[in-house]
Amino acid sequence: MSKKERIKFLDLSRQYKTIKKEIDGAVGRVLDGGNFIGGSEVENFEKEVAQFCRSKYAVSLNSGTDALYLSLKAVGVRTGDEVITTPFTFFATAEAIANTGAKPIFVDIKEDSFNINPDLLEKSITKKTKVILPVHIFGQVADMEPIMKTAKKYNIKVIEDAAQSFGAEYKKKKSGAIGDIGCFSFFPSKNLGAYGDGGMVLTNDRKTAVTINLLKNHGSSKNDKYKNLILGTNSRLDTIQATILKIKLKHINKWNKTRIKIAQYYNKHLSGVAGLTTPSTNNHVFHQYTIRLHSEEARNGLRKYLQKVGIPTMIYYALPLHLQLAFRYFGNKTGDFPEAEKAAKEVLSLPIYPELKRVEMDYIIRNVKKIL
Ligand SMILES: *Cc1c(COP(=O)(O)O)cnc(C)c1O
């Protein structure tokens, strides 16, 4: 590897090349058929994901954001309610909560996993709490056992944000199939990514599945499209995306295994390096490989150096959600969630995707070690 052969943080074209024939053929058949919304491709994809995750129902949607929003609507979350979640996640998690009129109640994260700390849940529960919404950040499943236990004790629903963890397992269950509802995103960069937007919810509850099916299609009756039973929206997964995802689903186990192998390779070579903490591999499918430095200066210094030698990195997430301007009306302030704020200063995500080459990994490892 020379400095000129720039590594990409994520190169989706490499994966496309490996499945081009299958994809092009299937997309061509949809184009020839002339049906672009709904149909058996969409229904079959839903069935296959439900089977893969060992869940009773799967409802495909237009995005992961809609999966969260419509799930919250389906369990009746509305103005005046509270929903507990983590401040260390992508904006959409808390945005979906706020868009229902409910208030996101943040609970700090654990230092080692970046996931919500179950020990802090109970003291945040009030009479208004309707849902606990843990996020499986970077592809590692949150500690669901104590979360489910606390939720049960207070009769609160659990909605998983499994946008980053498709295929991950926790105590023999698939992420997204542990809580009352699980939400996936098929945004192109996700482990199971479409070539456009897409999302899905999983549930074992028939009523919830029926409600979300209504909500995603203007509340229109199955028997008569122009009879609208409730207010909904348009959040359908289109036929071309479902077709593409159905093909990619066949490869997801192999791709996730490769991600884990890459993470293990990084860990093997970086775990002894002073000033750096590597991630644990428990219940993880490595949507992101995120290391932690011991100070903001060290993190920024490493990032700058890597950039100079042609290695792109990302900071997920530089600003915890309680400090986002969009949520300022909730009155949170710096210092409220110290672990999330500390993580925001110290994390750095290195390139990881199934098609990342060994020479590229070695080049990244060599340069991380060089500067530290
Ligand atoms: C990607 C993502 C979402 C949103 O999914 P979209 O499909 O982009 O709407 C929500 N939560 C998390 C944690 C995500 O990573």
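For the structure itself, look to the data block above.
This structure is a prediction, so every number in the text was calculated from the model and none was measured.

The rules we used
Residues numbered from 1 in each chain as written. Predicted model: local features only at pLDDT ≥ 70, side-chain atom pairs only at ≥ 80, totals over all residues. Heavy atoms only, no water. Pairing = 2+ DSSP bridges. Helix = DSSP H or I, 4+ residues; strand = E, 2+ residues; numbered from the N terminus. Contact = heavy atoms within 4.5 Å. Axes fitted to C-alpha atoms, helices over the stretch in contact; angles between N-to-C directions. Near = heavy atom within 4 Å. Polar contact = N/O pair within 3.5 Å; in protein donor to acceptor, adjacent residues only side chain to side chain. Areas by Shrake-Rupley, 256 points an atom, 1.4 Å probe, with all protein chains shown as cover. Buried < 20%, exposed > 50% of the residue type's maximum accessible area, 1.4 Å probe, protein only. Parallel < 35°, antiparallel > 145°, perpendicular 65-115°, else oblique. Left-handed = near helix turned anticlockwise from the far one by under 90°. 1 Å grid on protein atoms, 1.4 Å probe; cavity = no way out; pocket = protein on both sides within 12 Å on 5 of 7 lines; lining within 4 Å. Points joined across faces, edges and corners; volume = space filled by probe spheres on them. Nonpolar A, V, L, I, M, F, W, Y, C, P; charged D, E, K, R; others polar.

A. Spotlight on the sheet that holds strand β11 (residues 289–293). One open sheet accounts for three strands, arranged β10-β11-β12; its pairing is antiparallel. The sheet is open, and its two borders are formed by β10 (276–277) and β12 (347–350), each paired with just one other strand. When β10 meets β11, the two strands line up antiparallel, connected through two bridges. Paired with T277 across the bridge in β11 is R292. Those strands touched by helix α8 (residues 252–270) are β10, β11 and β12, and its axis lies near 20° from that of β11.

B. Representation of the site of the ligand. In the region of the ligand, 16 residues are neighbours, and G64, T65, D161, S185 and K190 sit closest. One nitrogen or oxygen atom from the side chain of T65 is found 2.5 Å from an oxygen atom belonging to the ligand. Between a nitrogen atom of the ligand and a side-chain N or O atom of D161, the distance comes to 2.8 Å. Contact with the protein chains covers 93% of the free accessible surface of the ligand, which is 380 Å². Looking at which element gives the most residues to the shell around the ligand, the answer is helix α3 (residues 64–74), with three residues.

C. Broad picture of the side chain of Q241. Along the chain, Q241 falls in helix α7 (residues 239–249). Given a relative accessible area of 9%, Q241 falls into the buried group. If we skip the residues at most four places from it in the chain, Q241 touches A194, Y195, G196 and D197.

D. Spatial organisation of the packing of α8 against helix α11 (residues 358–371). Running from N to C, α8 and α11 point in directions that differ by 30°, and their axes come no closer than 10 Å. What the angle tells us is that α8 and α11 run roughly parallel. In terms of crossing hand, the pair formed by α8 and α11 is right-handed. The segment α8 lies against α11, with I262, Y265, Y266, H269 and L270 engaging R358, M361, D362, I364, I365, V368 and K369.

E. Fine view of empty space enclosed by the protein. One pass over the full model with this rule turns up three cavities of 30 Å³ or more. In this structure, the largest cavity occupies an estimated 90 Å³ of space. Around the largest cavity sit 15 residues that line it, and L12, Q15, K190, R259 and P354 are the ones nearest its centre. Of all the secondary structure elements, the ones that give two or more residues to the lining of the largest cavity are α1 (12–33) and α8. When its residues are assigned to classes, the lining of the largest cavity shows six nonpolar, four polar and five charged. Here the second largest cavity defines a volume of roughly 60 Å³. If you go around the second largest cavity, the residues you meet are D112, S113, F114, I137, F138, Q140, P279, H284, Q288, Y289 and T290. Residue classes in the lining of the second largest cavity are distributed as five nonpolar, five polar and one charged.

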